[in-house]
Protein chains: 2
Amino acid sequence: MRALKKNSVTQVIGDIKAILGDRLSTAPAVREQHGKDQTWAPGAPPDAVAFVKSTEEVQRIVALCAHYETPVIAYGTGTSLEGHFTAPYGGISVDLSGMNQVLEVNAEDLDARVEAGVTRKALNTHLRDKGLFFPIDPGADASLGGMAATRASGTNAVRYGTMRENVLNLTAVLANGEVVKTAKRAKKSSAGYDLTRLLVGSEGTLAIITEVGLRLYGIPESIAAGVCPFPSVDAACQAVIQTIQLGIPVARIELVDEEHVKAFNAYSKIDLKVAPTLFVEFHGTEAGTAEQTGLFGAIAEELGGGPFSWATKEEDRQRLWQARHDAFWATKSLMPGKEAFATDVCVPISRLAECVKETQADLAANNLYGPIVGHVGDGNFHVVLYCDRADAEELKRVKGFYDRLIRRAIAMEGTSTGEHGIGSGKMGFLEVEHGPEGVAMMRQIKQALDPKNILNPGKIVAL
Amino acid sequence: MRALKKNSVTQVIGDIKAILGDRLSTAPAVREQHGKDQTWAPGAPPDAVAFVKSTEEVQRIVALCAHYETPVIAYGTGTSLEGHFTAPYGGISVDLSGMNQVLEVNAEDLDARVEAGVTRKALNTHLRDKGLFFPIDPGADASLGGMAATRASGTNAVRYGTMRENVLNLTAVLANGEVVKTAKRAKKSSAGYDLTRLLVGSEGTLAIITEVGLRLYGIPESIAAGVCPFPSVDAACQAVIQTIQLGIPVARIELVDEEHVKAFNAYSKIDLKVAPTLFVEFHGTEAGTAEQTGLFGAIAEELGGGPFSWATKEEDRQRLWQARHDAFWATKSLMPGKEAFATDVCVPISRLAECVKETQADLAANNLYGPIVGHVGDGNFHVVLYCDRADAEELKRVKGFYDRLIRRAIAMEGTSTGEHGIGSGKMGFLEVEHGPEGVAMMRQIKQALDPKNILNPGKIVAL
């Protein structure tokens, strides 16, 4: 990218201080925390962190950053995984966690509007007594603005879709400091270019999202969850394919490999059979979930799966899914002192078993510990790699594996990232996946909407 | 828009003729047919029509049009409704109907790739023996490229989504003649800007779609369809809201008003009670559809609806939905010699009854015939207006009504178009809906991706 006017940072900090007072911080610890995520992505602190309270404040800050040509980087809960919010060129981190109001819930329309800093758990707590919920669940208690910005998804996406399908509209501050509302509240529209979907997944590089309109769902009358071990990854993947082909509206269907099961058993004090295992959940009426579990049980049995353990009581379900959600911490606890390398490929499900098996063989051949967990209804799986960055030889093996994994997935008509995003971490693979024409198109869009390149520079397509 | 180099049209026609031979036509009848749709939108013929057979031919034609700065306009089946394919600045109409091959069907992944000229009925015929179907059904047997370009939807969208949700990826020719493939086959991805969704609904103004990757679904084991009269539009809308809130996965839920029922009875020789009526359809297992119809029946009864007529045999269902799909022709046959003015507003369903009732009152107050039909699960409804364009007084009343209808819907947080698109017909309302900031963003995107303004100029955002 071309050089930004870094010498103007002092001026912009002074001007923002005049607006925010002590809600602008230049404390080293605050800057560090806003410049480094949980993963291997190299960190870089912003020059200052602005704790904003309103769209108007964001607007004023972006206008100042535009004037001084200073980078401005949106920050939610800091749970993203590809170096999305690092500040390689310095600038202002806009922390939206203080914008945490649920602005409206339209129960009849099954939609809500929230400030960008509202987290998914906070929203669901707010909704519970209305009998409604927001299904997208990336594991972390991320902010809904951040989830929109990274096109997040998670365990429920197989049934409810991703943020792509569940964002109704966005309020966002553009690079010139203007505010756009990308759509009204109609469930569908053919009125011009899909600005909502353009900003969903744009990772703060085209605009800073300040409010999110979301689709909601009625809390199902009945939820049935269970775990089922399989004799092989192949058999588990076949069960997934048949379930989806039959149209069984499975709400969650997650694959964990033997390594993860071992880690769960140790970390969460549970006692699962060490085998490739599917965690499943069905939502519906009492009769509906009974039928779904019966159909799925028959598929699993035919493929040699079982015995099945069902959890119908809420506390049992919660414990089961908590174990699944703690996957990262469970494996991390087995690898003290090592850094985690998140991976996130997604392939067509017909290629899933093949992709997982080749990946497991690659891990074994390179003597790497890489437990696998996947949102397999969508063909999305994560190999969590642990590495001691100081160990140059290990680092080289990890990086080689990482590169092969992504190229393998793309060669199988998949993607380098099913739900984490490009950030700074996967920029090198964007052209492998989209070709030079696709990346050129993205660059043209970035150039058109952020000609001064102030919005989260150095991410997705660095100008 | 700035003047295009119209004098170069003869040269570009000559150059394309050298590629296509007699598949390039300048016959007046062919040009007329490619310059005027079924609606009131003023027609304008292109200078020539290119009947293409491959992406490469489209690429060569667009490259020539770019060189000569000549408009180039995609044409599918000519069933769009907002003057999308008229050629107000002349140029080349690219007729994609000859690109009619289903290129691949991946049954395990529930996806397919088709050339842009394949129609939805042709695809479903191709899929039938595989037990799969493509659900999006705008009524007309439109091409899938055209449906993607207009972000079409129709009767099944309440359950299966619109083209926005069901296009997996697109192959498209850009304004510079390059070919982009917007995504691979993974069901989800967070890899960069959502080029797929940017082109879906872009109406040929950002690229010409030549291939479409689509999501498929298993043909349901059981389909139950029925019609149910209601005492009022209010009661019918309440039934829709309760159905959706309860999470009953209704596949189709269509409102027709008394005027339409009268027209159906006359045109389709059926005998429905003249009342606001819901046409519904449920998809699932035998037990599932039985449960769904029972739940819906109870809701309807509580709201004074009924008696219900169910059609479980395929031929009865087909006849029922054929009547629904013939709505346009049924009402047109009552208004011989008049032109149809299509409308297409969509509002949050909580506002639907209010919007329909105000609209009916407006029709009555202005002595206009405007039967109403709606995809009410999405809040989308059509008032079909008939008008004798030569009757200046009638035309004025129709235009006044049309303008109020759209502003009413937008004021209720809805959209000017739920599924037809902007084309040339609704450009005047784009800023009312999206504000100057939204329209400016769209213009910046158009300018960046089509700097010479050759792709379907004069539509959506005319530069």
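Student: Could you give an account of the overall build of chain A, with specific residues and numbers?
Tutor: The secondary structure content of chain A amounts to 16 helices and 19 strands. Taken over C-alpha atoms, the radius of gyration comes to 22 Å for chain A, in line with the 23 Å a tight globule of 463 residues would show. In terms of principal-axis extent, the alpha carbons of chain A reach across some 65 × 60 × 40 Å. Going through the 463 residues of chain A one by one, you find that 59% of them count as buried.

Student: So what's going on with the relation of the copies chain A and chain B? Which residues, and what values?
Tutor: Superposing chain A onto chain B takes a rotation of 180° plus a shift of 0.0 Å along the axis, which leaves an RMSD of 0.0 Å. Both copies of the chain, as the preceding transformation shows, are related through a two-fold rotation axis. Interface residue correspondence from chain A to chain B reaches 100%, placing this contact among same-surface, isologous pairings.

Student: Describe the domain arrangement of chain A, with residues and values.
Tutor: Here chain A is described as being made up of domain 1 (6–97), domain 2 (102–218), domain 3 (222–314) and domain 4 (329–411). Placing a centre on the C-alpha atoms of domain 2 of chain A and another on those of domain 4 of chain A gives a separation of 30 Å.

Student: Break down the interface of chain A and chain B for me, with residues and values.
Tutor: Contact residues are listed per partner, giving 79 residues for chain A and 79 residues for chain B. Per-element accounting of the side of chain A that touches chain B gives the leading share, 13 residues, to helix α16 (residues 427–449) of chain A. Classifying every residue of the side of chain A that touches chain B gives 30 nonpolar, 30 polar and 19 charged.

Student: So what's going on with the nonpolar core? Which residues, and what values?
Tutor: Of all hydrophobic cores here, the largest spans 291 residues; its most connected members are A:Ile61, A:Val94, B:Ile61, B:Val94 and B:Ile209. Discounting chain neighbours no more than four positions away, the residues touching B:Ile209 are B:Ala74, B:Ala116, B:Gly145, B:Ala148, B:Ala149, B:Leu170, B:Ala172 and B:Leu199.

Student: Tell me about the sheet that holds strand β10 (residues 207–215) of chain A, residues and numbers included.
Tutor: The pairing of strands in a sheet comes from backbone hydrogen bonds and takes either a parallel or an antiparallel form. All names here are of chain A. Spatially, 5 strands are ordered β5-β6-β10-β8-β9 in an open sheet, and the strand pairing comes out antiparallel. The open sheet terminates on both sides in strands that have one partner only, identified here as β5 (102–106) and β9 (179–181). With strand direction ignored, the average angle separating the axes of adjacent strands in the sheet is 15°. Bridge analysis of β5 against strand β6 (residues 111–115) gives 4 bridges, and the strand direction is antiparallel. From the neighbouring strand, Val102 faces β6, where its bridge partner is Val114.

Student: So what's going on with the sheet that holds strand β3 (residues 72–75) of chain A? Which residues, and what values?
Tutor: All names here are of chain A. Taken in spatial order, the 4 strands make up an open sheet running β1-β2-β4-β3, and their pairing is mixed. Two strands close off the open sheet at either side, each with one partner strand: β1 (24–25) and β3. Strand contacts of helix α3 (residues 55–68): β2 (48–51), β3 and β4 (92–95), with the helix running at about 170° to β4, the strand carrying the most contacts.

Student: Talk me through the environment of B:Arg408; I want residue IDs and the actual numbers.
Tutor: With respect to the helices, strands and loops of the structure, B:Arg408 is situated in helix α15 (residues 392–411). Dropping the residues within four chain positions of it, B:Arg408 is found in contact with B:Cys355 and B:Glu358.

Student: With reference to specific residues and values, describe the packing of helix α14 (residues 352–365) of chain A against helix α15 (residues 392–411) of chain A.
Tutor: All names here are of chain A. Across the interface, α14 lies against α15 with an axial gap of 11 Å and an inter-helix angle of 165°. Here α14 lies roughly antiparallel to α15, going by the angle between them. As α14 runs across α15, the sense of the crossing is right-handed. Residue-level inspection shows Cys355, Glu358, Thr359, Asp362 and Leu363 of α14 in contact with α15, the latter providing Phe401, Arg404, Leu405, Arg408 and Ala409.

Student: Could you give an account of the environment of A:Arg252, with specific residues and numbers?
Tutor: All names here are of chain A. For Arg252, the position within the fold is in strand β13 (residues 250–256). Residue classification places Arg252 among the buried residues on the basis of 25 C-beta atoms within 10 Å. Discounting chain neighbours no more than four positions away, the residues touching Arg252 are Thr155, Asn156, Val158, Phe279, Val280 and Glu281.

Student: Describe in detail helix α11 (residues 286–302) of chain B, supporting the description with residues and values.
Tutor: With 17 residues, α11(B) extends 24 Å between its outermost C-alpha atoms, agreeing within 8% with the 24 Å of an ideal straight helix rising 1.5 Å per residue. Along α11(B), the positions that sit buried rather than exposed are B:Gly288, B:Thr289, B:Glu291, B:Gln292, B:Thr293, B:Phe296, B:Ile299 and B:Ala300. Contact partners of the buried residues in α11(B): α11 (286–302) of chain A together with β12 (222–229), α9 (233–245), β14 (277–284) and β15 (309–311) of chain B. One or two positions beyond α11(B), positive phi appears at B:Gly304, with a value near 85°.

Student: Go over unusual backbone geometry, please, and point to the residues and values.
Tutor: Omega for the peptide link from A:Gly306 to A:Pro307 comes to -5°, which places this bond in the cis form. Here A:Pro307 lies in the loop between α11 and β15 (309–311). The backbone of A:Glu413 sits at a positive phi, close to 65°, despite the residue not being glycine. Within the secondary structure layout, A:Glu413 lies in the loop between α15 and α16. By the C-beta count within 10 Å, which is 20 here, A:Glu413 ends up buried. The phi angle at B:Ile460 is positive, at roughly 55°, despite the residue not being glycine.

Student: Could you give an account of the pairing of β3(A), with specific residues and numbers?
Tutor: Residue and element names in this part refer to chain A. Here β3 shows two buried faces, one formed by Val72 and Ala74 and the other by Ile73 and Tyr75. Relative to β4, β3 runs parallel, the two being bridged by 4 bridges. Residue Ala74 lies in a different strand from β4, and its bridge partner there is Val94.

Student: Let's hear about helix α12 (residues 314–325) of chain B: which residues, and what values?
Tutor: Residues and elements named next belong to chain B. The end-to-end C-alpha distance of α12, which contains 12 residues, comes to 16 Å, matching closely the 16 Å that a straight helix rising 1.5 Å per residue would cover. Those residues of α12 that fall on the buried side of the exposure criterion are Leu320, Ala323 and Arg324. In an axial view of α12, the angular spread of the buried residues amounts to 105°, which keeps them on one side of the axis. α12 presents Glu314, Glu315 and Gln322 as exposed residues on the side facing more than 90 degrees away from its buried surface. For α12, the secondary structure elements touched by its buried residues are β12, β13 (250–256), α10 (258–267), β14, β15 and α13 (327–334).

Student: Explain the packing of α9(B) against helix α14 (residues 352–365) of chain B to me, and be specific about the residues and the numbers.
Tutor: Residues and elements named next belong to chain B. For the pair α9 and α14, interaxial distance at closest approach is 9 Å and the crossing angle is 155°. By the criterion of interaxial angle, the relationship of α9 to α14 is roughly antiparallel. For the pair α9 and α14, the crossing hand works out as right-handed. When α9 is examined against α14, the residues Val233, Asp234 and Cys237 are found in contact with a partner set consisting of Leu352, Ala353, Val356 and Lys357.

Procedures and definitions
- Sequence order as written defines the numbering, with residues in each chain counted from 1.
- Note on labels: chains are lettered from A, ligands numbered from 1, in written order.
- Totals for whole chains, interfaces and linings use all residues, but because this is a predicted model, local features are given only for residues with pLDDT of at least 70 and pairs of side-chain atoms are given and counted only at 80 or more.
- Starting at the N terminus, helices and strands are each numbered in turn, a helix being any DSSP run of H or I of at least four residues and a strand any DSSP run of E of at least two.
- Only the C-alpha atoms count toward the radius of gyration. The rule for a globule is 2.2 Å times the residue count to the power 0.38.
- Each residue is classed by its C-beta neighbour count within 10 Å, where at least 20 other C-beta atoms makes it buried, 12 or fewer makes it exposed, and intermediate counts make it partly exposed; the C-beta atoms are placed from backbone geometry.
- What sets the superposition is a least-squares fit of C-alpha atoms, and only residues with pLDDT of at least 70 in both copies go into it.
- What counts as a contact here is a pair of residues whose C-beta atoms, placed from the backbone, lie within 7 Å.
- Segmentation of the chain into domains, including their bounds, is taken from an automatic or database domain assignment.
- Each residue is assigned to one class: nonpolar for Ala, Val, Leu, Ile, Met, Phe, Trp, Tyr, Cys and Pro, charged for Asp, Glu, Lys and Arg, and polar for all the others, Gly among them.
- Throughout this description, the term nonpolar core refers to a group of buried Ala, Val, Leu, Ile, Met, Phe, Trp, Tyr and Cys residues whose C-beta atoms join them within 7 Å.
- Note on pairing: two strands pair once DSSP finds at least 2 bridges between them.
- Each axis is a line fitted through C-alpha atoms, taken for helices only over the stretch in contact, and angles between the N-to-C directions span 0 to 180 degrees.
- Here roughly perpendicular refers to angles of 65 to 115 degrees, roughly parallel to angles under 35, roughly antiparallel to angles over 145, and oblique to all remaining angles.
- In this scheme, a crossing is called left-handed if the near helix is turned counterclockwise away from the far one by less than a right angle; it is called right-handed if the turn is clockwise.
- Multiplying one less than the number of residues by 1.5 Å gives the expected span of a helix.
- What the arc measures is the spread of directions leading from the helix axis to the C-beta atoms.

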